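Listed below, chain by chain, are the residues.
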Amino acid sequence: WPWTRPRTRTMAASKTELRSRAKGKADAKAKDADAEDTKKDAVAGKTDAQGNLMDAAYYFKQYFGLALSIVAFGMVCFAGYAPKYGLSVNLFLYSSVVLGCVGLIFHETRPFKNQSTFAMDRETVEFARAQEAEAKIQADRAAKKKA
């Protein structure tokens, strides 16, 4: 019977063999692209997902709001100890609210994820929803092709 005979190399390649060969070629191309990205990162420096250069100024902008918020929280927690040091409790609490608000402003203007915006008009919202739906369809198609 033909299905019991061992396969020989003279037979045509199966679909799975062809897919694995194509996948190997794609992996090589992906490795080359990764190597080029690594070279670019070495020259320009490390970047985040949005392409912002991650240096000392980036980290300051990214985490300064968080640090101010933590200080403000600590001031609220320890406001009861303010009279021991000759300070008013109200001064301590109001300054913590100001620090918290400034921290919130810095948090909202941080470099990573700063491209998200709010839109209230109907046309912009519908356009954004249509783009999201199209992106989801494209992602589903790509996932089906990989599978």
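Here's a quick rundown of the structure. For clarity, every value in this text was computed on a predicted model and none was experimentally measured.

About the criteria used
Residues numbered from 1 in each chain as written. Predicted model: local features only at pLDDT ≥ 70, side-chain atom pairs only at ≥ 80, totals over all residues. Heavy atoms only, no water. Helix = DSSP H or I, 4+ residues; strand = E, 2+ residues; numbered from the N terminus. Expected span 1.5 Å × (residues − 1). Bend = angle between axes of the 7 residues up to and from the residue. Buried < 20%, exposed > 50% of the residue type's maximum accessible area, 1.4 Å probe, protein only. Contact = heavy atoms within 4.5 Å. Axes fitted to C-alpha atoms, helices over the stretch in contact; angles between N-to-C directions. Parallel < 35°, antiparallel > 145°, perpendicular 65-115°, else oblique. Left-handed = near helix turned anticlockwise from the far one by under 90°.

If you check helix H2 (residues 56-77), its first and last C-alpha atoms are 30 Å apart, about what 22 residues at 1.5 Å a residue would give, namely 32 Å. Of all the bends in H2, the greatest, near 40°, is centred on Tyr-63. Listed in full, the buried residues belonging to H2 are Tyr-58, Gln-62, Gly-65, Leu-68, Ala-72 and Met-75. Residues of H2 that are buried make contact with helix H3 (89-108).

Moving on: the side chain of Gln-62. Looking at where Gln-62 falls in the secondary structure, it is placed in helix H2. For Gln-62, a relative accessible area of 12% corresponds to the buried category. Apart from the residues within four sequence positions on either side, Gln-62 is in contact with Arg-110, Pro-111 and Phe-112.

At their nearest, the axes of H2 and H3 sit 8 Å apart, and the two run at 160° to each other. Judged by the angle between their axes, H2 and H3 are roughly antiparallel. Crossing geometry of H2 relative to H3 is assigned as left-handed. Of H3, the residues touching H2 (which contributes Lys-61, Phe-64, Gly-65, Leu-68, Ser-69, Val-71, Ala-72, Met-75 and Val-76) are Phe-92, Leu-93, Ser-95, Ser-96, Leu-99, Gly-100, Val-102, Gly-103, Phe-106 and His-107.

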